[in-house]
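So the chains spell out like this:
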Amino acid sequence: MTQTQSGCPMSFDPFGEEYQQDPAGALAAARAHEPVFYSSELDYWVVSRYADIKEAFRDTRAYSAAIALDPLTPLAPEARERLASYDFAPGPVLVNEDPPLHLRRRKELAPPLAADEVAKLEGRIRDLVTRYIDAFASRGHADMVDDLLWEVPAIVGLLVAGVPDEDVERARHYTIKMGLFTWGKPSAEHQVEIADQVGRWWRLSGELVDRLKREPGRGWVPRAIEVHRQDPELVNDNHLQNMMMSGLVAAHETTTNATANALRHLLAEPGVWQALGEDPSLIPNAVEECLRYSSSVLCWRRTAVREVVLGGVTIPAGGRLLLVIGSGNHDERVFPDPGRFDIHRPNAKRHLTFGVGSHNCMGAPLARLEMRIILEELTRRLPGMRLVPGQEFTYLPNASFHGPRHVLTEW
Ligand code: HEM
């Protein structure tokens, strides 16, 4: 049973159907009465209000990011063995690093993902999206996930990493559902299956880094290779392979799910799709509202470095925190009438979906650009698109990575 300050039981199952279908609703009582509570089932302190989540994100001296990528469901021994058979050696990749090293590395590695740099990819991304839409536009129906959203962010992630075009074609077939490994509840058998995919990705990442070392290109891995040559201690070989691998994971499922969530909600609201088609200048704020209303990353994690008081609750040193972004984004203290989906919401951009502070998502400009382009092209080409009526949106049980497995549309 979950222990709360007030003594009243606070139930929270991050894999349960209630949370999968309505993450913010599942923590509504917590936000109102018990904003920070300890879950003994999870052995995590669950943080549900906007201000507390923001504080934990920002205060890098009190809260460490080191556990950010640890599997939430401990790995079965057979999955560990399988990973070891690929010489898989996970290491630091910014998101799970602490100061002062984190800031030194980030300063060196960030430039290729800055907004003005990724803006240069707009033409290539638009061509890519156009090619995918061409393949189904005359069909009259599509599954937006299978036909468009699974592959486009993976390919864009490879491009921005600096992977040459020939290898993009090969690498896109290796894409994995890594979110399930880190945030899901896979059975031991399923873990072994994913471990094989992870292992293959790991090896391929090593090959891609080797090629980029021989044939320098542009992008964030080539930049990391440059830094490695200047300062091999700041960025070593293991770090390069981890960056290639985890960078693609960071860029892929997050954006696929964010755009699938966006389409689901934009198409469900009467008149919104047509309004975006008639006035594309509404799209950037609509993207922010989609990211707020239905975040593709529902939770993030920190550990208390020392005893801390958060939301009036004392958390011991070493206490692990589950920062529920999907709940903070629906905090009525910041977003009036938070359950209303409103593409004109003035402060939609204040959402927590990309984190806050020194670790905030380095890929946010790219994710925003991709989402904008996809919405611009779809609303322009398929103004009459609607959701196939009666479909049920299903989600793989996952505490954080959140997006419908399919979004069936017709026109
Ligand atoms: C909608 C899509 C995305 C979402 C929701 C998302 C979300 C996040 C979140 C929550 C964090 C952790 C923030 C923190 O600890 O404070 C993060 C970090 C990061 N993301 Fe994203 N992300 C997205 C897309 C991308 C893309 C496209 C890339 C790469 C091209 C990317 C690269 C990174 C990197 C490198 C970090 C680590 C930054 C650091 O720790 O300094 N992300 N992202």
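The structure under discussion appears in the preceding block.
First things first, this report covers the structure right here in the doc. (Residues numbered from 1 in each chain as written. Predicted model: local features only at pLDDT ≥ 70, side-chain atom pairs only at ≥ 80, totals over all residues. Heavy atoms only, no water.)

1. A short note on helix 6 (residues 101-109)
Side chains that are three or four residues apart share a direction in an α-helix, a result of its 3.6 residues per turn.
Piece 1. Where helix 6 is concerned, the buried positions are His102, Arg105, Arg106 and Leu109. Projected onto a plane normal to the axis of helix 6, the buried residues spread over an arc of 100° and lie on a single side. (Buried < 20%, exposed > 50% of the residue type's maximum accessible area, 1.4 Å probe, protein only. Helix = DSSP H or I, 4+ residues; strand = E, 2+ residues; numbered from the N terminus. Arc of directions from axis to C-beta.)

2. Some details on the packing of helix 8 (residues 122-136) against helix 19 (residues 364-381)
Piece 1. Following both chains from N to C, one finds helix 8 and helix 19 inclined at 45°, their axes separated by 10 Å at the closest point. Looking at the two axes, helix 8 sits oblique to helix 19. Crossing hand, helix 8 versus helix 19: right-handed. For the pair helix 8 and helix 19, contact is made by Glu122, Ile125, Arg126, Val129, Thr130, Ile133 and Asp134 and by Leu366, Leu369, Glu370, Arg372, Ile373, Ile374, Glu376, Glu377, Leu378 and Arg381, respectively.
Piece 2. Grouping the constituent residues of the contact of helix 8 with helix 19 by class yields eight nonpolar, one polar and eight charged. (Axes fitted to C-alpha atoms, helices over the stretch in contact; angles between N-to-C directions. Parallel < 35°, antiparallel > 145°, perpendicular 65-115°, else oblique. Left-handed = near helix turned anticlockwise from the far one by under 90°. Contact = heavy atoms within 4.5 Å. Nonpolar A, V, L, I, M, F, W, Y, C, P; charged D, E, K, R; others polar.)

3. Topic: the pairing of strand 2 (residues 44-47)
Piece 1. Of the two faces of strand 2, both are covered, the one formed by Tyr44 and Val46 as well as the one formed by Trp45 and Val47.
Piece 2. Here four bridges tie strand 1 (residues 36-39) to strand 2, and the two strands are oriented antiparallel to one another. Along strand 2, the bridge assignment pairs Phe37 with Val46.
Piece 3. Bridging between strand 2 and strand 8 (residues 320-324) involves three bridges; their strand directions are parallel. Its bridge partner being in strand 8, Val47 is matched across the sheet by Leu323. (Pairing = 2+ DSSP bridges.)

4. A few points about the packing of aromatic side chains
Piece 1. Tallying each qualifying case throughout the model produces seven aromatic pairs.
Piece 2. A ring pair is formed by Phe136 and Trp411, whose centres lie 6.0 Å apart and whose planes are at 55°; its orientation type is tilted. Residue Phe136 is found in helix 8, and its partner Trp411 is found in the segment after strand 10 (408-410); the two are separated by 275 residues along the sequence.
Piece 3. For the pair Trp183 and Trp300, a centre-to-centre distance of 5.9 Å together with 40° between the ring planes defines the contact as tilted. Of this pair, Trp183 sits in helix 12 (residues 178-183) while Trp300 is found in strand 5 (residues 299-304), placing the two residues 117 residues apart along the sequence.
Piece 4. For Trp300, a relative accessible area of 17% gives the class buried.
Piece 5. The side chain of Arg292 reaches across the aromatic face of Phe335, ending 5.3 Å from its centre.
Piece 6. When the ring centre of Trp183 is taken as origin, the NZ or CZ atom of Arg301, which lies over that ring, is 4.2 Å away. (Phe/Tyr/Trp six-rings, centres within 6.5 Å; stacked < 30°, edge-to-face > 60°. Lys NZ or Arg CZ within 6 Å of the ring centre and 35° of its normal.)

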